[in-house]
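# Fold and contact review
The chain contents come next:
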Amino acid sequence: MEIVLLILVAIMLVASYFLFNIRASKKQTNRENRLNWYYGKKKKGKAVVNVQDVDI
Amino acid sequence: MNSKQALQTFGRSGNPMFSDKTFSEKIVDVRAERMTLQGTVNKVGISLILLILTASYTWNLYFSTNDPSSVSGLMIGGMIAGFVFALATIFKRTWAPITAPLYALSKGLALGGISAMYEAQFDGITIQAVSLTFATMFGLLFAYKTGIIKPDENFRLMIFAGTFAIFAVYMVNLIMSFFGTGISIINSTGPWGIVFSLVVVAIAALNLVLDFDYIEQGAEQGAPKYLEWYGAFSLMVTLIWLYLEILRLLSKLRR
């Protein structure tokens, strides 16, 4: 019984690792009511430039 | 000669490097490292390994001596150190690359001892609790990634309210325990005690969804790199809480 559970834990850990690395579906990301999380201080008077929007 | 005369005399520079936009654009450090999903998952893995390392130490110490007092000092020390490192991480997120692994190490000491004590009473309970914890995590991760569960402001408000209510109940119980009493439903093995544990497990599990969303959006928005450790830390806090509540629920069901 314990061996079976240990194997299950190992499978779930590996599966979670791969699942975590996949981007969430558009159903999740393209929503208007997404949560707003705080990721750091925004400096006053300075425009926030998203690195992904800058052409190199 | 003013600038207008200079322009008329020498004309506009033909050098393509000096266009009108040359000095008007903001300088952005594109080399700065950003938060990624892969980086965060790796840090969750490192935290889990650190936790298992110290947990196996107190676990082995308990079963080699069969004496609870041999691990009680390490357990209490681990709990207090874990609490201090958790507060440091929450209030100073830039310290997360140092305090998050230390949190995992100290919590491991406590979890190893607690798990060993439960295991001594209920054979096989630890592996059952571990597998249920990871199964819950996997299920909710799948539900989140596929968009079955969509966290919004109402969802967050509900989970925050539930979590705060549980925190308040536990705090009142702690204070009452100093006077020799307590809230009986927390440790009761009756139907209401089991229902209480089920509700706590559900709220702890739904906190995982908020952690997944924080990590997903952080990677999408290119949050600072140190927040990978913060994301891993918040996931670890929820996983540890969920594991302890499942352990308590299973022990109630076995009595």
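Our structure's up above, just so we're on the same page.
Residues numbered from 1 in each chain as written. Chains lettered and ligands numbered in written order. Predicted model: local features only at pLDDT ≥ 70, side-chain atom pairs only at ≥ 80, totals over all residues. Heavy atoms only, no water.

A few words now on the interface of chain B and chain A. Taken together, the contact pairs 47 residues of chain B with 34 residues of chain A. Of the roughly 3900 Å² buried where chain B meets chain A, counting both sides, 64% is carbon and sulfur surface. Counting the contacts that link chain B with chain A gives 1 salt bridge. One salt bridge connects A:Arg34 with B:Glu220, and the closest N-O pair in it is separated by 2.8 Å. Summed over the shared surface of chain B and chain A, the number is 16 residue pairs in polar contact (both at pLDDT 80 or more). Those elements giving two or more residues to the side of chain B that touches chain A turn out to be helix H2 (37-65), helix H5 (125-146), helix H6 (153-177), helix H8 (191-221) and helix H9 (227-254) of chain B. Broken down by element, the residue count for the side of chain B that touches chain A peaks at 13 residues, all from H5(B). (Contact = heavy atoms within 4.5 Å. Buried area = accessible area lost by both parts, 1.4 Å probe. Salt bridge = Lys/Arg side-chain N within 4 Å of Asp/Glu carboxyl O. Polar contact = N/O pair within 3.5 Å; in protein donor to acceptor, adjacent residues only side chain to side chain. Helix = DSSP H or I, 4+ residues; strand = E, 2+ residues; numbered from the N terminus.)

Right, let's get into the pattern of salt bridges. Residues and elements named next belong to chain B. Inspection of every chain in the model, using the stated rule, returns 6 salt bridges over all chains. Between Arg 156 and Glu 153 there is a salt bridge, and its shortest N-O distance comes to 2.6 Å. Of the two residues, Arg 156 and Glu 153 are both situated in helix H6; the distance of 3 residues between them amounts to about one turn of the helix. Since its relative accessible area comes to 13%, Arg 156 is described here as buried. The salt bridge involving Arg 248 is made with Glu 245; its shortest N-O contact spans 3.6 Å. With Arg 248 and Glu 245 both in helix H9 and 3 residues apart, this pair spans about one turn of that helix. Here Glu 245 falls in the buried class, since its relative accessible area comes to 2%. Several salt bridges converge on common partners, so that one network encompasses Lys 43, Lys 225 and Glu 228. (Buried < 20%, exposed > 50% of the residue type's maximum accessible area, 1.4 Å probe, protein only.)

With that out of the way, let us pick up the nonpolar core. Counting residues in each nonpolar core, the largest one holds 65 residues, and the members touching the most others are A:Phe20, B:Leu208 and B:Phe212. Elements with a contribution of two residues or more to this core: helix H1 (2-21) of chain A together with H2, helix H3 (69-91), helix H4 (96-121), H5, H6, H8 and H9 of chain B. It is H9(B) that provides the largest number of residues to this core, a total of 15 residues. B:Leu208 has contacts with B:Met137, B:Leu140, B:Leu235, B:Thr238, B:Leu239 and B:Leu242, leaving out every residue within four places of it along the chain. Judged by nonpolar contacts, the second largest core, of 6 residues, contains B:Ile166, B:Tyr170, B:Ile186 and B:Phe196. (Core = buried A, V, L, I, M, F, W, Y, C linked by side-chain atoms within 4.5 Å.)

All names here are of chain B. Given a rise of 1.5 Å per residue, 31 residues ought to cover 45 Å, and the 46 Å separating the end C-alpha atoms of H8 matches this to within 8%. Most of H8 is tucked away, with 22 of its 31 residues classed as buried. Remark: Gly 222 follows H8 within two positions and exhibits a positive phi of approximately 65°. (Expected span 1.5 Å × (residues − 1).)

So, on to a nonpolar patch on the surface. Taken together, the side chains of B:Phe164, B:Phe167, B:Met171, B:Leu174, B:Ile175, B:Phe178 and B:Phe179 define a hydrophobic patch exposed on the protein surface, amounting to about 830 Å² of accessible area. Looking at the secondary structure, you find B:Phe167 in helix H6. (Patch = residues over 30% accessible without salt bridge, like charges linked within 9 Å, V, L, I, M, F, W, Y side chains within 5 Å. Areas by Shrake-Rupley, 256 points an atom, 1.4 Å probe, with all protein chains shown as cover.)

The next thing to look at is the packing of H5(B) against H9(B). Residue and element names in this part refer to chain B. Orientation of H5 relative to H9, taken along the N-to-C sense of each, is 130°, at an axis distance of 9 Å. Here H9 runs oblique to H5, going by the angle between their axes. Crossing geometry of H5 relative to H9 is assigned as right-handed. Two secondary-structure elements touch here, H5 through Ile 125, Thr 126, Gln 128, Ala 129, Val 130, Leu 132, Thr 133, Thr 136 and Met 137 and H9 through Leu 239, Leu 242, Tyr 243, Ile 246, Leu 247, Leu 250, Ser 251 and Arg 254. Its residues assigned to classes, the contact of H5 with H9 comprises 11 nonpolar, 5 polar and 1 charged. (Axes fitted to C-alpha atoms, helices over the stretch in contact; angles between N-to-C directions. Parallel < 35°, antiparallel > 145°, perpendicular 65-115°, else oblique. Left-handed = near helix turned anticlockwise from the far one by under 90°. Nonpolar A, V, L, I, M, F, W, Y, C, P; charged D, E, K, R; others polar.)

It is worth spelling out the packing of aromatic side chains at this point. All names here are of chain B. Under the definition given, this model contains 12 aromatic pairs over all chains. Each ring, one from Tyr 62 and one from Phe 63, has its centre 5.3 Å from the other, and the planes form 85°; the classification is edge-to-face. Judged by relative accessible area, which is 7%, Tyr 62 ranks as buried. Given the relative accessible area of 32%, Phe 63 is considered partly exposed. Note on Tyr 230 and Phe 233: the rings are 6.0 Å apart at their centroids and 45° apart in plane angle, and the pair reads as tilted. Separated by 3 residues within a single helix, Tyr 230 and Phe 233 lie in helix H9, roughly one turn from each other. The exposure classification of Tyr 230 matches that of Phe 233, with both residues buried. (Phe/Tyr/Trp six-rings, centres within 6.5 Å; stacked < 30°, edge-to-face > 60°.)

Residue and element names in this part refer to chain B. Note that Leu 253 resides in helix H9. In this structure Leu 253 comes out as exposed when scored by relative accessible area, which is 52%. Here the alpha-carbon distance between Leu 253 and Glu 153, two residues 100 residues apart in the chain, equals 35 Å.

Turning our eyes to something else, we now look at the side chain of B:Lys43. Residues and elements named next belong to chain B. Tracing the chain through its elements places Lys 43 in helix H2. Given the relative accessible area of 16%, Lys 43 is considered buried. Dropping the residues within four chain positions of it, Lys 43 is found in contact with Glu 228, Trp 229 and Ala 232.

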